[in-house]
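Listed here are the chains, written in short residue letters.
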Amino acid sequence: MSRYSPAEIEAKWQAAWDAAGTFTARRDPGKPKYYVLEMFPYPSGRIHIGHVRNYTMGDVIARYKLATGHNVLHPMGFDAFGMPAENAAMASGGHPRDWTYGNIDDMVAQMKPLGFGLDWSRMFATCDPEYYGQQQALFLDFLQAGLVERKNATVNWDPVDRTVLANEQVIDGKGWRSGAEVERRELTQWFFKISDFSEELLEALDTLDDWPAKVRLMQSNWIGKSRGLQFSFSMVAPQGAHDRIEVYTTRPDTLMGASFIGISPDHPLAKELERDNAEVAAFCKQARQGGTTEEALEKAEKLGFDTGLTVRHPFDTAWELPVYIANFILMDYGTGAIFGCPAHDQRDLDFARKYDLPTPLVFTDLRAGDPAGPEIYSGGSIGGLPVTVNPETGDKAFVPGKSERVRYIRGFAGDEVQTGDEAVEAAIAACESQGVGRGVTQFRLRDWGLSRQRYWGCPIPVVHCEACGVVPERKDNLPIELPYDEDGTPIDFSVPGNPLDRHPSWRDCACPACGAPAQRETDTMDTFVDSSWYFARFTAPRATTPTDRAEADYWMNVDQYIGGIEHAILHLLYSRFFARAMHITGHLPEKSKEPFNALFTQGMVTHAIFQTRDAGGRPVYHYPADVAFRDGKGFLEDGTEVEIIPSAKMSKSKKNVVDPERIIATYGADTARWFVLSDSPPERDVEWTASGAEAANRHLARVHRIASDIAQADTPANADDDALLKEMHKTIFDVTQGIDSFGFNASIARLYAFTNVLQKSKAGAEAKRRAARVLAQLMSPMTPHLSEELWAMLGGTGLIAEQPWPEADAAMLVEDTVTMPIQINGKRRAEIEVPKDLPKDEVEKLALAEDAVQRALGDGPPKKLIVVPGRIVNVVV
RNA sequence: GCGGGCGUGGUGGAACGGUAGACACAAGCGACUUAAAAUCGCUAGAGCGUAGCUCGUGCGGGUUCGACUCCCGCCGCCCGCACCA
């Protein structure tokens, strides 16, 4: 009898699929197509177990769809531009291109042994000139279609290295290399006009039925549609050209609670004041310190500078409000100016407390004044109305939900008692009728700045000419390739900044319009651009235009997209925009405006951390391979017990990583594939454990053993055949349903159960062989190599990968009787076995006759009797 | 700080508002063996007065005949926050 030997069989069957071209996708209008795609990896050089899980999920779908008669497209590529390659060149010399392609070779070599049913002939990397040249063509088409523009953006500026930093390079407000205090600085950049599509991108979310609701909600919040009022405060004393300050607010109902005006340090008025006032300039400089992230802005200490200027309240010209320059207001949002209502906004309240500004209350809790209700205010007043928030809760603003009803004491429109939403609408209407501003619908979504001051990215194909201005490159000149060296000299990556900027022979060129000497744009594109259309490129990866319409029309859309939740907003939103832009420019059909029909977000693979402490109490981490287990505890070789911290995100610094290559070498690819799917639902994290992997391997060996016994068995057909086949059909049904609904762990649990049944069954050899072949088929999406081996062993013909999926016989699924639990007051106390269609009153009779029920009832009748047919009986006593 | 999610035995997890703990891991006991490994079988949420009863799905409330599931308020952890990919 042969033993389970993954190393042998896995290589063998991979070669067989290659030879048969099982996974090579060809357009065939006669067959329904199915496009399954996993988010492609960044070529770090090593695949990790999380990749294994991600691609195994996609492969299960791909192989299952192939078996159900689909023409499957399942491609793979690399998201190959980005900072790590430049960082590597900076840290240890070499060239980003060599580093990246070397890593890609390594990763492909690590992925192939996993036996994924991928069409490798379509592979590309986004750093291939063939790919990014087409991306440049797309950029030019977008530019011509009015989908691109130039304007200012705020960036992180390192004043010592004199370079722009990525957010992740800003640590606690300081540059990662120089340690210098980072400044926010404005720069002219290219933008995709994604905000023109805000409404459409928001509305179309409703059509994405097969996307997780949480992703749609996150996108919806990100786009952030709001209804508000745009109006201006007139200045008491005009300052230069400024005689008013334009603000936007989503809470115009709190206008009578205004306490101050805040403007961004980059507001034109602030800039004007800065010019001839050293104190203002010093404050603005300080206010511009720190990173650009929303998180940094929100968490930073709120600072303000009283300009001494004042404005008039639009409804009471005698009421003057001070104008502050504030560090938490960004010029990129709204008008770069706000009015503060401290009583009903936490940030404004913090600010008002700090600068001792009044906090007029606009509305109160309906229960205010009720002794049992919250006390919201006390203290002084303006015009007989309360001003000071209750000193006891004085640092907490009263911010109820907008749908909650509150009592307006400083309202100016609508009822005294109304919801925030109603009050906002009433306030907008009232303001409009009195000529104070206008109602405006605004979106939080900003345009997508795509310029990056870096080398390792797709060059932006434009030229700056003194005479003609900004000129698009001619498509004939594409691709504009990144220079590998500097006329024979290696590019120096050790200097901060963009090497393209200091590369004269690459930068200098002829103007595509007038032919005069001109200069190339040295910025490259955000790597999100690369990943915003790769799915379309996979449909015709070698086409000499961005897409081939016949191929794109056939293969698009992606039927099932699989990736991490961390991409829930940006990558997916940008891709949705790109698909629309590509449709407008003729590169994709109408139906592809939403390019991903279904989305699945998978969880991470985690691993316990093994830790001891050094003399100073600091943690010391240990690799899993160095830890031995006894009685559920872990020990180092010298006998020291380690502390086990379960389920932590894998990270090299914590040493809680497992290497897929080692797993494959030890157990084989099928074990790795089986285990990463087996223990947790796919959308949740799964914890990798050595014992779990071992057990998965033992199970596969067991299936192999059972199958080889069955292959040689000669038991005649008998009375047990029917029960086995019935169980087989139920298993087909359950496993299929599991795969269809991404319940891979449930499918696997069912396969375990069926294996147990098969092993114990006394059925005849023929029935058992049939059941075992079906078992092999049902396992084949997860363990394709073992399944091929079993299939061949059990007399199957051809490749199991190319067999039609087994179908459950509905007649074999029905049961004649059901077990009904009987509850007394909601607690299970007994159960009865009844015919499936027994009438309700019969069930009631049987239930009441039960001992447990009789005992609970005593002599009285039940208070209530609930019978859910086929499900449950509940007796209330 | 803001937005989104998750929380069930010693462990991973299962459970259309209807028998909480399927299926596994770890553990214990047994069979086989000279022995071990492998394999096979059995036990197993906690507690108690053990034919049975009580408690139990992060914490506190609520809705319901019935709540892991729905609602409200907390706590903890994870993801995202526009130049990480």
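Our structure's up above, just so we're on the same page.
A quick note: this is a predicted structure, and the numbers were derived from the prediction, not measured.

Caption draft 1: Expanded view of helix H19 (residues 669-678). Most of H19 sits out of view: ten of its ten residues are buried. Listing the buried residues of H19 in full gives Ala669, Asp670, Thr671, Ala672, Arg673, Trp674, Phe675, Val676, Leu677 and Ser678.

Caption draft 2: Representation of the packing of helix H23 (residues 765-779) against helix H24 (residues 784-793). It is the contact of H23 with H24, at a shortest axis distance of 8 Å, that shows an interaxial angle of 160 degrees. Viewed along their axes, H23 and H24 adopt a mutual orientation that is roughly antiparallel. Helix-helix and strand crossings are classified by hand; for H23 and H24 the assignment is left-handed. Residues Arg773, Ala776, Gln777 and Met779 of H23 form the contact with H24, whose own contacting residues are Leu786, Ser787, Leu790 and Trp791.

Caption draft 3: Layout of the pairing of strand S10 (residues 260-263). Judged by which residues are buried, S10 turns out to be covered on both faces: Phe260 and Gly262 on one side and Ile261 and Ile263 on the other are all buried. When S10 meets strand S13 (residues 337-340), the two strands line up antiparallel, connected through four bridges. Bridging from a neighbouring strand, Ile261 pairs with Phe339 of S13. Looking at chain direction, S10 and strand S12 (residues 316-326) are connected through three bridges and run parallel. Looking across to S12, one finds that Gly262 is bridged to Tyr324.

Caption draft 4: Molecular detail of the sheet that holds strand S3 (residues 148-158). Read across the open sheet, the four strands follow the order S4-S3-S7-S20; overall the sheet is antiparallel. Of all strands in the sheet, those with a lone pairing partner are strand S4 (163-165) and strand S20 (448-449), marking the two edges. Both S3 and strand S7 (residues 183-192) contribute to a ladder of ten bridges, which runs antiparallel. Each bridged residue has a counterpart across the sheet, and for Glu149 the counterpart in S7 is Phe191.

Caption draft 5: Broad picture of the protein's contact with RNA strand B. Around RNA strand B, the structure places 66 residues, and the nearest of them are Asn167, Arg452, Arg454, Arg871 and Asn874. Each atom of RNA strand B within 4 Å of the protein was assigned to sugar, phosphate or base; sugar and phosphate come to 64%. Within the backbone of Glu168, one N or O atom sits 3.0 Å away from a phosphate oxygen of RNA strand B. Contact distances for RNA strand B include 3.2 Å between a sugar or linking oxygen and a side-chain N or O atom of Ser680. Per-element tally for the surface near RNA strand B: the top contributor is helix H22 (residues 744-760), with six residues. Here the surface near RNA strand B is composed, by residue class, of 23 nonpolar, 18 polar and 25 charged.

Definitions and limits used
Residues numbered from 1 in each chain as written. Chains lettered and ligands numbered in written order. Predicted model: local features only at pLDDT ≥ 70, side-chain atom pairs only at ≥ 80, totals over all residues. Heavy atoms only, no water. Buried < 20%, exposed > 50% of the residue type's maximum accessible area, 1.4 Å probe, protein only. Helix = DSSP H or I, 4+ residues; strand = E, 2+ residues; numbered from the N terminus. Axes fitted to C-alpha atoms, helices over the stretch in contact; angles between N-to-C directions. Parallel < 35°, antiparallel > 145°, perpendicular 65-115°, else oblique. Left-handed = near helix turned anticlockwise from the far one by under 90°. Contact = heavy atoms within 4.5 Å. Pairing = 2+ DSSP bridges. Near = heavy atom within 4 Å. Polar contact = N/O pair within 3.5 Å; in protein donor to acceptor, adjacent residues only side chain to side chain. Nonpolar A, V, L, I, M, F, W, Y, C, P; charged D, E, K, R; others polar.

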